[in-house]
Amino acid sequence: MVTAIPPLTEAEKLEFGNHSNNHPSDPERSKLIVASYNIRYARGPYLIPGGIVRKLGLMSLARRPQHIGNMISVAADAFTKGKLLPAVDVLALQEADKRTIRTGGHHVACELAAQLNMDWAHAPAGIPRGIKPVKRQWWLDFEEPIDLHDEGDTGVALLSRLPMTDVVRLDLPWQECPWRPRLAMAATISVGPRQLRILNAHVDPHAASDGQLAQLEVLAAHAESTTLPTLILGDFNTLSKQKCIETRRFLESRGYTTPYPTGTPTWRGGGLLMHADWIFSRGLTISRWGVAKPLKVSDHWPIWAEVELGT
């Protein structure tokens with residue numbers, strides 16, 4: 001009989017790191033650049049071709065450590081050099097692996113934060129080991145899975161060059177398969193006397209619309225607990241027009257707005273372009289926004305927004 005690794009303890013549900021952040025909060029600052037990126041464990045853009053190669057048994061892991069290390073450096077350049085998007089102050093990551101076999105042992109959030117000279121917090125998914133995942137539809141099975149007994153994990157992360165406090169983990173409801181937990185995290189970012197609350201989410205792609213909306217309910221409920229201006233951003237996996245419409249309608253009904261037109265491509269695979277990633281705001285003005293193409297560290301593109309902090 002296979003014994004599953006027990007669930008995460010409270011102490012393991014959040015991990016924090018500091019990289020001697022030398023960028024003090026500027027009280028006169030009036031704008032902030034925030035970005036969200038499903039980095040897909042820095043594996044590269046070829047989700048479907050890679051899945052086919054893996055299914056044929058032709059995938060080798062020998063060069064994976066070097067490849068992932070190179071991809072993390074490419075991402076760091078993109079977020080600092082201002083060519084694909086403005087230099088980023090706060091970065092939300094999804095699918096940020098922590099020392100998995102498929103990353104060649106890299107801790108993606110920690111290493112990217114080190115190269116960006118940012119502080120960071122990581123919320124591991126807590127994937128149960130030793131339990132086979134429920135079989136899913138063939139078109140959702142191109143992703144390279146974490147090995148059944150891999151001691152690493154994946155998760156979401158927040159990286160910031162500004163003070164980041166009151167960091168919490170938000171487990172999202174999902175009952176159909178314990179091997180695919182979904183989660184979010186939230187933190188308060190301080191810019192001088194100003195503060196805003198940021199929620200970074202990775203919503204389940206396997207759920208029907210009502211399942212996704214149940215997860216959004218958790219995000220909205222947490223956001224209601226603060227009077228701070230708020231951003232809700234991340235990978236919402238709105239992989240159909242209907243899911244885009246329903247996600248947008250739900251958050252707009254809670255007082256949020258987004259500058260992104262419904263249908264803006266943020267993910268590509270097999271010749272398809274879909275709108276999976278969003279930034280929603282409440283109590284804030286977004287003066288500029290964009291999709292950082294053609295960064296090829298993931299099958300997603302980073303999305304970003306310039307946020308007006310107000311007075």
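Quick caveat, the model's predicted, so the values are computed rather than measured.

A. Structural detail: the pattern of salt bridges. Enumeration according to the criterion identifies 18 salt bridges in this entry. Here D299 makes a salt bridge to R40, at a shortest N to O gap of 3.5 Å. Separated by 259 residues along the polypeptide, D299 in the loop between β13 (285-291) and β14 (303-308) and R40 in the loop between β2 (31-38) and α1 (47-55) bring together distant segments of the chain. Of the two residues, D299 and R40, neither departs from the other in class, the shared state being buried. For R282, the salt bridge identified is with E224, shortest N-O distance 2.9 Å. Taken together, the positions of R282 in strand β12 (residues 277-282) and E224 in the loop between α4 (209-223) and β9 (230-235) put the pair 58 residues apart, joining distant regions of the chain.

B. Highlighting the packing of helix α2 (residues 64-81) against helix α3 (residues 108-116). Remark: α2 packs on α3, axes separated minimally by 9 Å, with the N-to-C direction vectors making an angle of 45 degrees. By the angle between their directions, the pair α2 and α3 is classed as oblique. When the axes of α2 and α3 are compared, the crossing they make is right-handed. Where α2 approaches α3, its residues I72, S73, A75, A76, F79 and T80 are matched on the opposing element by V108, E111, L112, Q115 and L116. Taken together, the residues of the contact of α2 with α3 sort by class into 7 nonpolar, 3 polar and 1 charged.

C. Representation of the sheet that holds β12. Spatially, β6-β7-β8-β9-β12 is the arrangement adopted by the 5 strands of the open sheet, whose pairing is mixed. For this open sheet the edge positions go to β6 (164-172) and β12, each flanked by a neighbour on one side alone. Across the sheet, the mean angle separating the axes of adjacent strands is 15 degrees when strand polarity is ignored. As paired elements, strand β7 (residues 182-191) and strand β8 (residues 194-202) share 8 bridges and run antiparallel to each other. Paired with T188 across the strands is R197, a residue of β8.

Rules behind the numbers
- Residues numbered from 1 in each chain as written.
- Predicted model: local features only at pLDDT ≥ 70, side-chain atom pairs only at ≥ 80, totals over all residues.
- Heavy atoms only, no water.
- Salt bridge = Lys/Arg side-chain N within 4 Å of Asp/Glu carboxyl O.
- Helix = DSSP H or I, 4+ residues; strand = E, 2+ residues; numbered from the N terminus.
- Buried < 20%, exposed > 50% of the residue type's maximum accessible area, 1.4 Å probe, protein only.
- Axes fitted to C-alpha atoms, helices over the stretch in contact; angles between N-to-C directions.
- Parallel < 35°, antiparallel > 145°, perpendicular 65-115°, else oblique.
- Left-handed = near helix turned anticlockwise from the far one by under 90°.
- Contact = heavy atoms within 4.5 Å.
- Nonpolar A, V, L, I, M, F, W, Y, C, P; charged D, E, K, R; others polar.
- Pairing = 2+ DSSP bridges.

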